[in-house]
Amino acid sequence: MIKKIEHLGIAVKNIETANAVYAKLLGVASYKSENVESENVITSFFKVGESKIELLEGTSADSPIARFIDKKGEGLHHIAFEVEDIEKEMENLKKQGFTLLSDKPKRGADNKLICFVHPKSASGVLIELCQEIKK
Ligand code: ZN
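All residue numbers refer to position in the chain's written sequence, counted from 1. Only residues with pLDDT of at least 70 get local features here, since the model is predicted, and only at 80 or more are side-chain atom pairs given and counted; chain-wide, interface and lining totals rely on the full set of residues. The side-chain values count all of the structure's non-hydrogen atoms but skip hydrogen atoms and water molecules.

1. Details of a positive patch on the surface
Next up, step 1: A surface patch of positive charge is lined by Arg67, Lys71, Lys72 and Lys120.
Next up, step 2: What counts as a helix is a DSSP run of H or I of at least four residues, what counts as a strand is a run of E of at least two, and both are numbered from the N terminus. Structurally, Lys120 can be placed in the loop between β7 (112–117) and β8 (126–132).
Next up, step 3: The exposure class of Lys120 is exposed, given its relative accessible area of 77%. Patches draw on residues past 30% relative accessible area with no salt bridge. Two like charges within 9 Å are joined, as are two nonpolar side chains (Val, Leu, Ile, Met, Phe, Trp, Tyr) within 5 Å. For the accessible areas, the method is Shrake-Rupley and the probe is 1.4 Å, while residue cover comes only from the protein chains on display. We define a salt bridge as a side-chain nitrogen of Lys or Arg found within 4 Å of a carboxyl oxygen belonging to Asp or Glu. None of His or the chain ends enter the tally, which takes Lys and Arg as positive and Asp and Glu as negative. By convention, the point assigned to a charge is CZ for Arg, NZ for Lys, CD for Glu and CG for Asp. Here's how the labels work: a residue is buried when its accessible area is under 20% of the maximum for its type, exposed when over 50%, partly exposed in between, all with a 1.4 Å probe on protein chains only.

2. Overview of the coordination of the zinc ion
Next up, step 1: Here a donor is any nitrogen, oxygen or sulfur atom (N, O, S) within 2.8 Å of the metal, with 3.2 Å used for Na, K and Ca; water is not among the atoms considered, so some sites may look incomplete. Protein coordination at the zinc ion: the donors are His7 (NE2), Glu54 (OE), His78 (NE2) and Glu128 (OE), at 2.1 Å from the metal.
Next up, step 2: The rule is simple: four donors are tetrahedral if all their angles sit between 85 and 135 degrees, four are square planar and six octahedral if opposite donors span more than 155 degrees and the others lie between 65 and 115, and anything that fits none of that is irregular. Taken together, the 4 donor atoms surrounding the zinc ion define angles of 83 to 171 degrees at the centre, an arrangement classified as irregular.
Next up, step 3: For the zinc ion, the single-chain donor residues occur in sequence as H-x46-E-x23-H-x49-E. With His78 in strand β5 (residues 75–83) and Glu128 in strand β8, this pair connects stretches of sequence that are 50 residues apart. Considered together, His78 and Glu128 belong to a single accessibility category, that of buried residues.

3. Topic: the environment of Gly9
Next up, step 1: By the element assignment, Gly9 lies in strand β1 (residues 2–11).
Next up, step 2: Pairs of residues are marked as contacts when any of their non-hydrogen atoms sit within 4.5 Å. Sequence-distant contacts of Gly9, that is, excluding residues within four places in its chain, are made with Glu54, Leu56, Gly75, Leu76, His77 and His78.

4. Some remarks on the sheet that holds strand β6 (residues 106–108)
The strands that make up a sheet pair up through hydrogen bonds in the backbone, lying either parallel or antiparallel.
Next up, step 1: Pairing within the open sheet is mixed, and its 8 strands lie in the order β2-β3-β4-β1-β5-β8-β7-β6. Two strands close off the open sheet at either side, each with one partner strand: β2 (32–36) and β6. Here the average twist between neighbouring strands, direction ignored, is 35 degrees.
Next up, step 2: DSSP calls a pair of strands paired once it identifies at least 2 bridges connecting them. Direction of pairing for β6 relative to β7: antiparallel, over a ladder of 3 bridges. Across the sheet, Gly108 pairs through a bridge with Lys112, a residue of β7.
Next up, step 3: Only the stretch in contact is used when fitting a helix axis, every axis being a line fitted to C-alpha atoms; angles between N-to-C directions are given from 0 to 180 degrees. Contacts from helix α1 (residues 15–26) reach β1, β3 (41–48) and β4 (51–58) within the one sheet, and its direction differs from that of β3 by about 5 degrees.

5. Observations regarding the nonpolar core
Next up, step 1: Core analysis: the biggest nonpolar cluster contains 11 residues, these being Ile79, Val83, Ile86, Met90, Leu93, Leu100, Cys115, Val117, Ala122, Ile127 and Leu129.
Next up, step 2: Of all elements in the fold, only β5, α3 (86–95), β7 and β8 reach the threshold of two or more residues within this core.
Next up, step 3: Examining the composition of this core, we find that 3 residues originate from one element, α3, more than from any other.
Next up, step 4: Of all hydrophobic cores here, the second largest spans 9 residues; its members include Ala11, Val36, Ile65 and Phe68. As used in this record, nonpolar core signifies buried Ala, Val, Leu, Ile, Met, Phe, Trp, Tyr and Cys residues forming a set joined through side-chain atoms within 4.5 Å.

6. Looking at the side chain of Asn19
Next up, step 1: Tracing the backbone shows Asn19 in helix α1.
Next up, step 2: Think of a polar contact as two N or O atoms within 3.5 Å of one another; within protein, one of them needs to be a possible hydrogen donor and the other a possible acceptor, and neighboring residues in sequence only count if both atoms come from side chains. Of note is the side chain of Asn19, whose polar atom sits 2.6 Å from the side chain of Ser44.
Next up, step 3: Not counting residues up to four positions away in its chain, the partners in contact with Asn19 are Ser30, Ser44, Phe46 and Leu55.

7. Details of the confidence of the model for the chain
Next up, step 1: One confidence number per residue, pLDDT, is output by the predictor and ranges from 0 to 100. On average, residues of the chain carry a pLDDT of 95, and 100% of them reach 70 or more.
Next up, step 2: No element of the chain has a lower mean pLDDT than β6, which averages 90, and none a higher one than α1, which averages 98.

8. What to know about the packing of aromatic side chains
Next up, step 1: Aromatic rings from Phe, Tyr and Trp, taking only the six-membered ring of Trp, are treated as a pair when their centres fall within 6.5 Å; an angle between ring planes under 30 degrees marks them as stacked, one over 60 as edge-to-face, and anything in between as tilted. In this structure the tally under the stated criterion is 2 aromatic pairs.
Next up, step 2: The interplanar angle of 50 degrees and the centroid separation of 6.3 Å between the aromatic rings of Tyr22 and Phe46 together place this pair among those described as tilted. A residue pair is termed long-range when its members are at least 10 positions apart, and Tyr22 in helix α1 and Phe46 in strand β3 qualify at 24 residues. Take Tyr22 and Phe46: they sit in the same class, and that class is buried.
Next up, step 3: Consider the rings of Tyr31 and Phe45, whose centres lie 6.3 Å apart with planes at 45 degrees: the pair is tilted. Of this pair, Tyr31 sits in the loop between α1 and β2 while Phe45 sits in strand β3, placing them 14 residues apart in sequence.
Next up, step 4: On the accessibility criterion, Phe45 (1% relative accessible area) is buried.
Next up, step 5: We call a charge positioned over a ring when the NZ of a Lys or the CZ of an Arg lies within 6 Å of the ring centre and within 35 degrees of the ring normal. Seen from the ring of Tyr31, Lys47 lies directly overhead, with NZ or CZ sitting 4.1 Å from the centre.

Spelled out as structure tokens, the structure:
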């Protein structure tokens, strides 16, 4: 079951510049910044009501974020849905013909298990499923 839009991911060239822009826009400062080495990305999070904005800057030229910006420029990168049980949801989407970008959930930023759904199978939008890791 999909619970809500957990966050929107925005690809940016420079996280410091974008942090300043979004702090001004939203009237709050970023509450967390995290380096996800497995994805070659620096992330920064803002709270917006029940959802979040995640800014992403690639840390190497071949990172997925840097490649996205090369192709499309800065902008909306993905929509993340919070799910109750990520393995169940992955199984369910696979059965319905969606292409998942990994066979198993991966550890993402913000204490989450994540899995991406290929944009080709979701009307051109990269979809992230995420489930909070219970402590
Ligand atoms: Zn995300």
